[in-house]
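# Geometric and topological summary
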Amino acid sequence: MSPDGIMYVVGGSASQRLSAELARVLKAKLAKVEIKRFPDDECYVRIDEELEGEDVFLVQTTWPDKNIVELFLLQDAIREFDVSSLTTVVPYFGYARQDKQFKTGEPISARAIARLIQSNTDEFITVDIHASSVIDWFDGVSAKNAHAYPEIGKFLKAKGTQMVLSPDEGRWDNAKRIADVISCDADYLVKERLDGETVTMTPKSLDVKGKRVAIVDDIISTGSTIVKAAEQLRKHGAAHIVAACTHGVFARDAVTKLKACCDEIYSTDTIENPTTTISVASQIARMAMD
Ligand code: R5P
């Protein structure tokens, strides 16, 4: 902790709403920052605060790509002050799904981004990282993964959710935790991804007749996963279908596809978009103070 006990939150342009909420939860000062683009689209940032000796949280989602460069510039601008500590918070870690080399000649993209971020920070915090290997690639700096499930669970409980469905066996743990917060049942489907936009689900008998069901996932990208899961729920007589995720990427026409099969769509503030209704600020703050 810095001598005057003041903490600062610096918000990147991808995470303005979450930065303000994190500053409120941490009782920190939200730094005045100027961010603009030159005519050639290069980024300019300037921090209009005196950060010498302070503890600083930088919050910036690294998606889409231009926000990665902005993050590096903000890290550098913060380091120009002799800060007491810099914690880089990346609420949604873009490239986390590219965590393996499938063919010779490919990079491990998530590792490449992790290495660049860690080179200019003391600590790193992210939220519901898609592949835990990303955390392990942070070498020599503390790296932590906060979870959105307590907040998503509270929110879905207030919405009267009677059952939680994971559209993928791999995300069953998360669905179960959300169901535990709500105190309701949970189930999962078995999904196979054929390509970036096509998935299939193994048919399965689901006890959802007349129920309010929430399909929960870490990321909604093209929406194909949720659409297939919603088809199964309708087939088995679900009365009301909610789609909820931590990271609402919503690529291309995902929202239109989802609106055609789900009654409600919600996401957290790791990516700010019109479906953002749940804040992960208190979970990030908890992780930071751990
Ligand atoms: C996959 O493993 C993830 O948990 C999500 O299910 C996936 O990223 C969703 O992608 P899409 O919305 O494109 O189906």
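A quick note: this is a predicted structure, and the numbers were derived from the prediction, not measured.

On to unusual backbone geometry, then. At the junction of tryptophan 63 and proline 64, the peptide bond is cis and its omega measures out at -10 degrees in the coordinates. Among the secondary structure elements, proline 64 is positioned in the loop between strand 5 (55-59) and helix 2 (66-80). In this model, tyrosine 95 sits at a positive phi of 80 degrees, which is unusual for a non-glycine residue. Relative to the helices and strands, tyrosine 95 resides in the loop between strand 6 (85-90) and helix 3 (109-118).

Moving on, we get to helix 6 (residues 172-182). Taken together, the buried positions of helix 6 are occupied by Asn174, Ala175, Ile178, Ala179 and Ile182. Down the axis of helix 6, the smallest arc covering the buried residues is 135 degrees, so these residues share one side. After helix 6 finishes, the residue serine 183 shows a positive phi value of roughly 65 degrees.

Attention now goes to the site of the ligand. Around the ligand there are 15 residues in total, and Asp217, Asp218, Ser221, Thr222 and Thr225 lie nearest to it. A distance of 2.5 Å is found between an oxygen atom of the ligand and a side-chain nitrogen or oxygen belonging to aspartate 217. A distance of 2.8 Å separates an oxygen atom of the ligand from a polar backbone atom of serine 221. In terms of residue count, strand 13 (residues 212-220) provides more of the shell around the ligand than any other element does, four residues in total. Among the residues making up the shell around the ligand, the classes are represented as two nonpolar, six polar and seven charged.

Our focus in this paragraph is the packing of aromatic side chains. In total, this model carries six aromatic pairs according to the counting rule given. Taking the centre distance of 5.9 Å and the plane angle of 80 degrees together, the rings of phenylalanine 38 and tyrosine 44 count as edge-to-face. Aromatic side chains phenylalanine 124 and phenylalanine 138 sit 4.0 Å apart centroid to centroid with 15 degrees between the ring planes, which places their arrangement in the stacked category. Here phenylalanine 124, found in strand 7 (residues 123-127), pairs with phenylalanine 138, found in the loop between helix 4 (133-136) and strand 8 (142-146); they are 14 residues apart in sequence, far enough to count as distant. In this structure phenylalanine 124 comes out as buried when scored by relative accessible area, which is 0%. Clustering of aromatic rings is evident, with ring pairs tying together Phe93, Phe124 and Phe138. Note that lysine 36 overlies the ring of tyrosine 44, its terminal NZ or CZ placed 5.1 Å from the centroid.

Scoring rules and cut-offs
- Throughout, residues of each chain are indexed from 1 in the direction in which the sequence is written.
- A pLDDT threshold of at least 70 governs which residues receive local features in this predicted model, and a stricter bar of 80 or more applies before side-chain atom pairs are shown or counted, although totals over entire chains, interfaces and linings include all residues.
- Hydrogens and waters are ignored; side-chain quantities use all the structure's heavy atoms.
- Segments assigned H or I by DSSP are reported as helices when at least four residues long, segments assigned E as strands when at least two residues long, and all are numbered from the N terminus.
- Note on classification: 1.4 Å probe, protein chains only; a residue is buried when its accessible area is under 20% of the maximum for its type, exposed when over 50%, partly exposed between these limits.
- Here the arc refers to the directions that run from the helix axis out to each C-beta atom.
- To be near a molecule or strand, a residue needs just one of its heavy atoms within 4 Å of it.
- Whenever a nitrogen or oxygen atom comes within 3.5 Å of another N or O atom, the pair is scored as a polar contact, on the condition that within protein one atom can donate a hydrogen and the other can accept it, and that pairs from neighbouring residues in sequence are kept only if both atoms are in side chains.
- Residue polarity is assigned by list, with Asp, Glu, Lys and Arg as charged and Ala, Val, Leu, Ile, Met, Phe, Trp, Tyr, Cys and Pro as nonpolar; anything else, Gly included, falls into the polar class.
- Two aromatic rings, drawn from Phe, Tyr or Trp (for Trp, its six-membered ring), form a pair once their centres lie within 6.5 Å of each other, and the interplanar angle then sorts them: stacked below 30 degrees, edge-to-face above 60, tilted otherwise.
- Whether a charge sits over a ring depends on NZ of Lys or CZ of Arg being within 6 Å of the ring centre and within 35 degrees of the ring normal.

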